[in-house]
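# Descriptive structure summary
Chain by chain, the residues:
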Amino acid sequence: YYLGRREQSQHELREKLLAKDCDPASVEALLQEFIDEGYQSDERMTCALIKEGIGKKYGTIRIYQILKKHGLTTVTSANQINRWIDEHSDFFNDLILNDIEDHDEKKPSNGFDNDNYEVNWLIQAIEARVRKFGDAIPTDPKEKARQLRFLQYRGFDMGICFDAIKYDLD
């Protein structure tokens, strides 16, 4: 039932089943069976959450927090997200291909650098900022601070936040 609605991490399934007063040994056996049969995969869920985070224009810190919230230990720090994307690039191919098509037509991209197929987090941050505040580069200190707080909340590193308020989409 739980896996039919959305992808679940092993941790989430364990918690939900134990909350229903299921036998812990039976839960562990069931989880192992789900893994063996391919019904449940923490790797697949990690990829799905990273892909969703990229689509929502989140930074690595926010994506990592989402992974931790779901009990996933497949990525152990925000710095490892780019490596995860590179190692599981076949899962992200549709985002990469959409980005190449969008880049040629001058549309907002999915933030992928087409030369090495890594996420360009600066482009992600600029697009998130422009979507929220418009294309104008902030000059007022209060507006700069407001936009920096927004980008920090979205999970971008401070260096990327400072760079993102200096550029527009062009």
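What counts and how
Residues numbered from 1 in each chain as written. Predicted model: local features only at pLDDT ≥ 70, side-chain atom pairs only at ≥ 80, totals over all residues. Heavy atoms only, no water. Axes fitted to C-alpha atoms, helices over the stretch in contact; angles between N-to-C directions. Helix = DSSP H or I, 4+ residues; strand = E, 2+ residues; numbered from the N terminus. Parallel < 35°, antiparallel > 145°, perpendicular 65-115°, else oblique. Left-handed = near helix turned anticlockwise from the far one by under 90°. Contact = heavy atoms within 4.5 Å. Nonpolar A, V, L, I, M, F, W, Y, C, P; charged D, E, K, R; others polar. pLDDT = per-residue confidence, 0-100. Core = buried A, V, L, I, M, F, W, Y, C linked by side-chain atoms within 4.5 Å. Buried < 20%, exposed > 50% of the residue type's maximum accessible area, 1.4 Å probe, protein only.

## Digging into the packing of helix α8 (residues 121-133) against helix α9 (residues 141-153)
Between α8 and α9, the least distance of the axes is 10 Å, while the angle of their chain directions is 120 degrees. Accordingly, the angle class assigned to the pair α8 and α9 is oblique. With respect to the hand of their crossing, α8 and α9 are arranged in right-handed fashion. Contacts between α8 and α9 involve A125, A128, R129, K132 and F133 from the former and E143, R146, Q147, F150 and L151 from the latter. Across the contact of α8 with α9, the residue classes break down as 5 nonpolar, 1 polar and 4 charged.

## Describing the confidence of the model for the chain
Of all residues in the chain, 86% have pLDDT values of 70 or greater, and the mean over the chain is 86. Counting interchain partners and residues more than four positions distant, the pLDDT-below-50 stretch residues 97-108 has 14 contacts.

## A short note on the packing of helix α4 (residues 42-55) against helix α5 (residues 60-69)
The interhelical angle for the contact between α4 and α5, taken along N-to-C directions, is 145 degrees, at an axis separation of 10 Å. The interaxial crossing formed by α4 with α5 has right-handed handedness. Contacts between α4 and α5 involve T46, L49, I50, G53 and I54 from the former and I63, I66 and L67 from the latter. Partitioning the contact of α4 with α5 into residue classes produces 6 nonpolar, 2 polar and no charged.

## As for the nonpolar core
Grouped together as the largest cluster of nonpolar side chains are 31 residues, with contacts concentrated most on I50, I63, I81, I85, W121 and L151. Ranked by the residues each element gives to this core, the list is headed by α8, at 6 residues. Excluding its chain neighbours within four sequence positions, the residues that come into contact with L151 are A125, R129, F156, C161, A164 and I165. L17, V27, L31 and F34 belong to the second largest nonpolar core, which has 5 residues in total.

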